[in-house]
Amino acid sequence: MEAIEVDNLTKRYGGSTAVDSISFKVEEGEIFGFLGPNGSGKSTTIRMLTGIIKPDGGTAVIMGHDIKKDAIRAKQAMGVVPEMSNAYVELSAWNNLMLMGELYGVPKRDREERAKELLKQFGLYDRKESPARGFSKGMKQRLILCMALINQPSVLVLDEPTSGLDVESSRLIKDVIRELNRAGTTVFLTTHNMEDASQLCERIAIINRGVIAAIDRPEGLKQAAAFQSIELSFNRTVFAEDLSNFSCVKEVKKMGDKFRLYVEDVDLTMDCIMDYARSHDLKIVALNTLAPSLEDIFVSLTHKNKPGED
Amino acid sequence: MHQLEQLQRSFVVARKDVWIYYAKGPVMVFGLIFPLFLLMAFTIGRNMTVKDLFPGLMGMAIFFTSTAVGPAILPWEARSKTLERLVSSPVEVWALLLGDVFASFVFGLLISIIPLAIAILMGVDVLYLMVFGSGMILATFCFASLSILLSVYPPTDVPATVMMLSSLVRFPLVFISGVFIPVEEMPDWARTIASASPLTYFIDLARYSTTGISYYSIPTDLGVLTALALLFLVVSIKLHERFLPQRLS
């Protein structure tokens, strides 16, 4: 069974379409990344999936429950960490968890045991009686994640879970996401951090201007890319314009004492580089061929400084 | 079963509201002192007895305490980024709002018991305790529902904006509801306006409870309070459902 099944989901605001008939499926036990630039429709999609806003068209089914027709059961199956979210800062960590447990109808004994486990797992147990007001951003985010997990959800929806966090909190959250996934939890997450997406997600969807631009495994997306890059450095300073003149080079970026050349044909470019080095009496200090990073793919698909199109 | 579950969750929301918004010294002191000051401002120098003051005092105590915080809860939750979390939990919007109403109701009722006790200690004799008690419960629930209705528009996350606009409704209501002048002594046009205010009916009941005299019949007072409580509740749920996405955006 699919954990999440989205079919032609649409949301309009006034005259503009924020999400335009998107469709995708997330298998049970999968970590699925949902990436997109700001204003691409990413958060609107998450808000529809979590029942915060109603779609104007299409359907979203969470663990077999339609988010429009059976919203409460769909919500009951989910744990949600909204992007713009906070714990109740007046309440202690413990009371925040008890409150969430009660709202999800978790029996008292279960929620107390679960809260104890979660607070220990996220390194907050020693501060369980402290009001969340005094927590750092990382601690608050860990607490919000604890709140999302109090009902032992089948599907965990995370909107930018590591955004702006310190390295320790970010690493802890990623480790817990992997651990939960190993235990069978389906994870649906958005992030701006391509490294996180690449490390965590089994499949990725890239949304741009309200439509899905691509869905595939991270490596599949990289292989499907129509460009590669070469990183090279010479023993003397050269001008980027010289390298741009190579017929097979689409774009040149200067990165410190190195250049990154976005190319379509690596073999042909190598010949050009060699000829250029010989004719200008240059020595090649470093030369690496690089597969496109997920960030390159993302930028390429979302048409922001698309390599080779500048 | 599902509705019962939701009702239970609305009690959870109510308890959260009491912890976070009501169980604070300044809120409670405001609830007690403000109606008293307002009443003193309009009665000092008019040679009125405590018995004469009682209906107005109780009306203002219940009205101001049960509408004191309610309008600010949703904007405040939106501002402090807890509303989105709450809306994504398996709680229907009606249960969420009913929870807010319950919290205002409990706060209004408990705080209003204090001026009631003081009035009784000062010699006010409540002749019809059942009528007064029913009226007090219905009126508090009615005003608590009104307090949620007052936060519907604009769907802002600025509590001060909502509180200012709610004051524009709450203060005129006090002046048209027979707090300072009994309804029977008002001119016809004022009496017509007074009949539109829920506070009028509670004050009429409170006056009956101590003097045996009322302008409207007791079933009318109780019936109108019940009808208005339900009307405010249903309308506020419908409107909040409509405007909630805007408040969250």
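Residues numbered from 1 in each chain as written. Chains lettered and ligands numbered in written order. Predicted model: local features only at pLDDT ≥ 70, side-chain atom pairs only at ≥ 80, totals over all residues.

Which parts of the structure should I look at to understand the nonpolar core?
Note on soluble globular proteins: their nonpolar side chains tend to be buried together. In this structure, Cys-146 and Ile-150 of chain A together with Cys-142 of chain B are the most contacted members of the largest nonpolar core, which totals 144 residues. Discounting residues that sit within four places of it in the chain, Ile-150 of chain A has contacts with Leu-97, Met-100, Gly-101, Tyr-104, Val-106, Arg-111, Arg-114, Ala-115 and Leu-118 of chain A. Of all hydrophobic cores here, the second largest spans 8 residues; its members include Leu-232, Tyr-262, Val-263 and Ile-273 of chain A. (Core = buried A, V, L, I, M, F, W, Y, C linked by C-beta atoms within 7 Å. Buried ≥ 20, exposed ≤ 12 C-beta atoms within 10 Å, placed from the backbone. Contact = placed C-beta atoms within 7 Å.)

Any chance you could explain the domain arrangement of chain A here in plain terms?
Domain parsing of chain A yields domain 1 (2-219) and domain 2 (228-291). On a C-alpha basis, the centroid separation for the pair domain 1 of chain A and domain 2 of chain A is 43 Å. (Domains from an automatic or database assignment.)

Which parts of the structure should I look at to understand helix α6 (residues 93-121) of chain B?
Since one α-helical turn is 3.6 residues long, residues separated by three or four positions face the same way. Compared with an ideal rise of 1.5 Å per residue, which puts 29 residues at 42 Å, α6 of chain B spans 43 Å between its outermost C-alpha atoms and is within 8% of the ideal. Backbone geometry just downstream of α6 of chain B places Gly-123 of chain B in the positive-phi region, at approximately 105°. (Helix = DSSP H or I, 4+ residues; strand = E, 2+ residues; numbered from the N terminus. Expected span 1.5 Å × (residues − 1).)

Would you explain the interface of chain B and chain A in this entry?
One frequent convention defines the size of an interface as the accessible area lost when the parts assemble. Taken residue by residue, the interface counts 19 residues in chain B and 20 residues in chain A. Of all the elements in the fold, those that place two or more residues in the side of chain B that touches chain A are α1 (2-22), α5 (83-87) and α11 (218-248) of chain B. Ranked by the residues each element gives to the side of chain B that touches chain A, the list is headed by α1 of chain B, at 6 residues. Its residues assigned to classes, the side of chain B that touches chain A comprises 8 nonpolar, 4 polar and 7 charged. (Nonpolar A, V, L, I, M, F, W, Y, C, P; charged D, E, K, R; others polar.)

What is the right way to read the pairing of strand β9 (residues 203-208) of chain A from this model?
For a regular strand, side chains alternate in direction, first toward one face of the sheet and then toward the other. All names here are of chain A. Within β9, 5 of the 6 residues are buried, which leaves it mostly tucked inside the rest of the structure. As paired elements, strand β3 (residues 31-35) and β9 share 4 bridges and run parallel to each other. If you follow Phe-32 over to β9, its bridge partner there is Arg-203. In this structure, β9 lies alongside strand β10 (residues 211-216), joined through 5 bridges in antiparallel fashion. Residue pairing across strands places Ile-206 opposite Ala-214, the latter belonging to β10. Here β9 hands over to β10 after 2 residues, with Arg-209 in that stretch at a positive phi of 50°. (Pairing = 2+ DSSP bridges.)

Looking at this structure, how should I read the environment of Lys-116 of chain A?
By the secondary structure assignment, Lys-116 of chain A is in helix α4 (residues 108-121). Residues Lys-116 of chain A and Asn-181 of chain A, 65 residues apart in the sequence, show an inter-C-alpha distance of 20 Å.

Teacher, can you tell me more about the pairing of strand β2 (residues 16-27) of chain A here?
Residues and elements named next belong to chain A. Examined bridge by bridge, strand β1 (residues 2-13) and β2 share 8 bridges and lie antiparallel to one another. Of the residues in β2, the one forming a bridge with Tyr-13 is Ser-16. Linking two consecutive strands that pair antiparallel, namely β1 and β2, is a turn of 2 residues; a positive phi of about 60° is found at Gly-14 within it.

I tried to follow the sheet that holds β10 of chain A on my own but got confused; where do I start?
Residue and element names in this part refer to chain A. In space, the 6 strands of this open sheet follow the order β6-β7-β8-β3-β9-β10, with mixed pairing throughout. Whereas interior strands pair on both sides, the edge strands pair on one side only; in this sheet they are β6 (78-81) and β10. Strand-to-strand, the axes of this sheet are offset by a mean angle of 15°, without reference to chain direction. Running over the sheet, helix α11 (residues 294-301) touches β3, β9 and β10 and is turned about 30° from β9. (Axes fitted to C-alpha atoms, helices over the stretch in contact; angles between N-to-C directions.)

I would appreciate a short explanation of unusual backbone geometry in the present structure.
A cis amide bond links Tyr-153 of chain B with the next residue in sequence, Pro-154 of chain B, at an omega value of 5°. In this fold, Pro-154 of chain B is placed in the loop between α7 (129-149) and α8 (159-175). Residue Ser-21 of chain A is not a glycine yet carries a positive backbone phi of 50°. Of note, Ser-21 of chain A is situated in strand β2. A count of 14 C-beta atoms within 10 Å places Ser-21 of chain A in the partly exposed class.

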